[in-house]
Amino acid sequence: MKRLLHYLSGYKLESILGPLFKMLEASFELFVPLVVASMIDVGIKQSNAAYILRQGGLLILLGIIGLACSLTAQYFAAKASVSAATCLRNDLFQHISNLSYTEIDTVGTSTLITRMTSDINQVQTGINMVLRLFLRSPFVVFGAMIMAFTVDVKAAMAFVVVIPLLSVVVFGILLISMPLYKKVQKQLDRVMLTTRENLMGVRVIRAFNRQKSETARFEEENGLLVRFQVFVGKISALLNPVTYIMINFAIIAVVWIGALQVGAGIITQGKVVALVNYMSQILVELVKLANLMIIISKSVACMNRVDTIFKMEPSIKEKNKVFASQENSLPKLVFDQVSFLYAGAKEESLSGIDFSVKKGETIGIIGGTGSGKSTVVNLIPRFYDVALGQVSLDGRDVRDYPLEKLREKIGVVPQKAVLFKGSLRENMQWGKKDASDEEIYRALDIAQAREFVDGKKKGLDLYIEQGGRNLSGGQRQRLTIARALVREPEILILDDSASALDFATDARLRRAIKENTGDMTVFLVSQRAATIRNADQILVLDDGKLAGKGTHKELLSSCALYREICLSQLSKEEVERDGR
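Residues numbered from 1 in each chain as written. Predicted model: local features only at pLDDT ≥ 70, side-chain atom pairs only at ≥ 80, totals over all residues. Heavy atoms only, no water.

**Things to note about the overall build of the chain**
The criterion, for reference: Only DSSP runs of H or I with at least four residues qualify as helices, and only runs of E with at least two residues qualify as strands; both kinds are numbered from the N terminus onward. Only the C-alpha atoms count toward the radius of gyration. The rule for a globule is 2.2 Å times the residue count to the power 0.38. When accessible area is computed with a 1.4 Å probe and restricted to protein chains, residues below 20% of their type maximum are described as buried, those above 50% as exposed, and intermediate ones as partly exposed. Here a residue-residue contact requires only that any non-hydrogen atoms of the pair lie within 4.5 Å. Residue burial considers only the protein chains on display, and all accessible areas are found by Shrake-Rupley using a 1.4 Å probe. In this tally Asp and Glu are treated as negative and Lys and Arg as positive; neither His nor the chain ends contributes. Note on charges: their place is set at NZ of Lys, CZ of Arg, CG of Asp or CD of Glu.
A tally of regular secondary structure across the chain gives 22 helices and twelve strands. By the compact-globule yardstick of 25 Å for 580 residues, the chain is too spread out, its C-alpha radius of gyration being 36 Å. Dimensions of the chain, computed from the C-alpha atoms along their principal axes, are close to 125 × 50 × 45 Å. Looking at the chain residue by residue over its 580 residues, the buried ones come to 47%. The long-range fraction of contacts in the chain, counting pairs at least 24 apart against all pairs at least 6 apart in sequence, stands at 75%. Summed over its atoms, the accessible surface of the chain is roughly 29,300 Å², and 59% of this surface lies on carbon and sulfur atoms. Looking at charge distribution, the chain has the averaged site of its 71 positive side-chain charges lying 7 Å from that of its 58 negative ones.

Below, the structure is given as structure tokens:
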């Protein structure tokens, strides 16, 4: 809650004025029963129409003033809650953006989306309701009790008995329901995860005719959520009937005692009506307070969930060191006995990886599925940190670079081609903010994307839908390669990013990169032997270990695994010819 108070501290004026105007509204409301009592005891008893009209006008005036105070309070409460929630959401988004792949993998994207949306929305609702009712309701409850004592002490004793009992009921149900709301929110995460998986994998689900089974799985998760919500709702629903029963018994007691007092000539009928009105005010405010407690319990649970994300520290720490110019004689990149373990995994994904790369070399990485190819290249821009060993760039540990400076040197094209909603030009300028049209077209030429871009007849103004839905898989891959080339990085990582291209286009792409990128160091991660066969150095991975390294010709004779991969993809004659 300290974090939430920190965000509200920026809106101190609104946080003070909101409850203040609500209490002003409540103050005027407390005078209404006394005005009604005077109308009965003076106006009606004496048949004084003028007095009744004056008191009626006073009631209208009190109502107008109360309404103005209520609207003003609502404005300030809404401004404080919306503004604080906006700042909270912005900071949470920034914090999530700074988390490494390790934390994002551990928490899960569906959970993070829930924290950013429904959890913060619930916190916003809680702030709004607290500023409006947290002081007003207790103020009316105790104010009505005090006003009742000014009317008649004996009749007001019913208030003294019922208010503590109601408080026990309200806070008792609150203590029971708070842990249950945490359980509800956790189940909501599971429903979000199931929804996201189905929406992201809708084509696969339909291809395998799994709609019925996935619908059943969703209904099971959603049904469990409903059962949790119904269960906690039943407990919360006890508040209203219990409070109504207790207050109604209290009203009966007030009327009974008041009637005896009237019969004895101690108080008037108008004062009995005032006492009943005060008890009714207490009833309304206690119901509001009970519902407020439920909202607060939800909001606290949601804020605690948001706070757990804030408490997550990025495992990737950066050091803001300033380096002198690099030594050209040093290797461009060195992996020195590198081992890596994913969070929560029992076995290492990489073990004892050792190789060096010269500036301008092309490095091919090949191996079976799950052999660690992508993991190797993800260590270069520090998407993950090594567990043992060291990755050095230009003779310096990558962990010593500021992340921004390190990643400025590297262009990454991931396995899944990701494009963003907007124009083609805007997407290309992700690689370089001030890239000119000439620079973009040059990158498109190298990536073999110029032909289909020109065919669209809109040039760089071509509209890209979210995720590049209006483009084919191969077109998306070529554009993501062009985006990386625009920034002219020192190291280009192509992580199986040409898998959707035909062999001829793939060959032209590799040739264009070789001929037009100068001293750029290129990493080619691929399942195709033909893609990496002409690389200056090829790394063969097997179950996280380096099974072999060298040129295509060297590996054919020295690495049985590489030869097996080549024989599965190339003709025996080609393999034997290349091995000579």
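**Side note on the environment of G455**
The residue G455 is located in helix α16 (residues 450-455) in this model. Look at G455 and you get exposed, because its relative accessible area is 53%. Remark: the alpha-carbon pair of G455 and E214, spanning 241 residues in sequence, is separated by 40 Å.

**Here's the deal with the nonpolar core**
Rule in force here: Nine residue types can take part in a nonpolar core, namely buried Ala, Val, Leu, Ile, Met, Phe, Trp, Tyr and Cys, and a core is a set of them joined through side-chain atoms within 4.5 Å.
Formed by 49 residues in total, the largest nonpolar core has its most connected members in F159, V162, I247, Y278, M279, I282 and L286. If you tally residues by element for this core, the top one is helix α11 (residues 269-310), at 15 residues. If we ignore the near neighbours within four places in the chain, the residues touching M279 are F159, V162, I247, A250, I251 and V254. The next biggest cluster of nonpolar side chains, apart from the first, holds 47 residues, and it includes I440, L462, A535 and C566.

**Side note on helix α21 (residues 560-569)**
As a reminder of what qualifies: Note that the arc is defined by the directions from the helix axis to the C-beta atoms.
Considered for burial, the residues of α21 that qualify are Y562, I565 and C566. Viewed end-on, α21 has its buried residues packed into an arc of 95°, placing them on one side of the element. Relative to its buried face, α21 has exposed residues pointing more than 90 degrees away, namely A560, E564 and S568.

**A closer look at the environment of R469**
Test applied: Pairs of N or O atoms within 3.5 Å make up the polar contacts considered here, provided that, within protein, one atom can donate a hydrogen while the other can accept it, and that residues adjacent in sequence are counted only when both atoms are side-chain atoms.
Position of R469 among the secondary structure elements: in the loop between β8 (463-464) and α17 (473-486). Note: C-alpha distance between R469 and Q448 (21 residues apart in sequence) is 19 Å. Of note is the side chain of R469, whose polar atom sits 3.4 Å from the backbone oxygen of Q466.

**Structural notes on the sheet that holds strand β1 (residues 333-340)**
Rule in force here: Here the rule is simple: two strands pair whenever DSSP picks up at least two bridges between them.
With antiparallel pairing, the four strands of this open sheet are ordered in space as β2-β1-β4-β5. Both outer strands of the open sheet, β2 (350-357) and β5 (396-397), are each paired with one neighbouring strand and no more. Looking at chain direction, β1 and β2 are connected through five bridges and run antiparallel. Counted as the bridge partner of F335 is F355 from β2.

**Some thoughts on the side chain of S339**
With respect to the helices and strands, the residue S339 is situated in strand β1. We classify S339 as buried; its relative accessible area is 6%. When near neighbours in sequence (up to four residues on either side) are disregarded, S339 contacts E348, L350, S351, G352, V386, A387 and L388.

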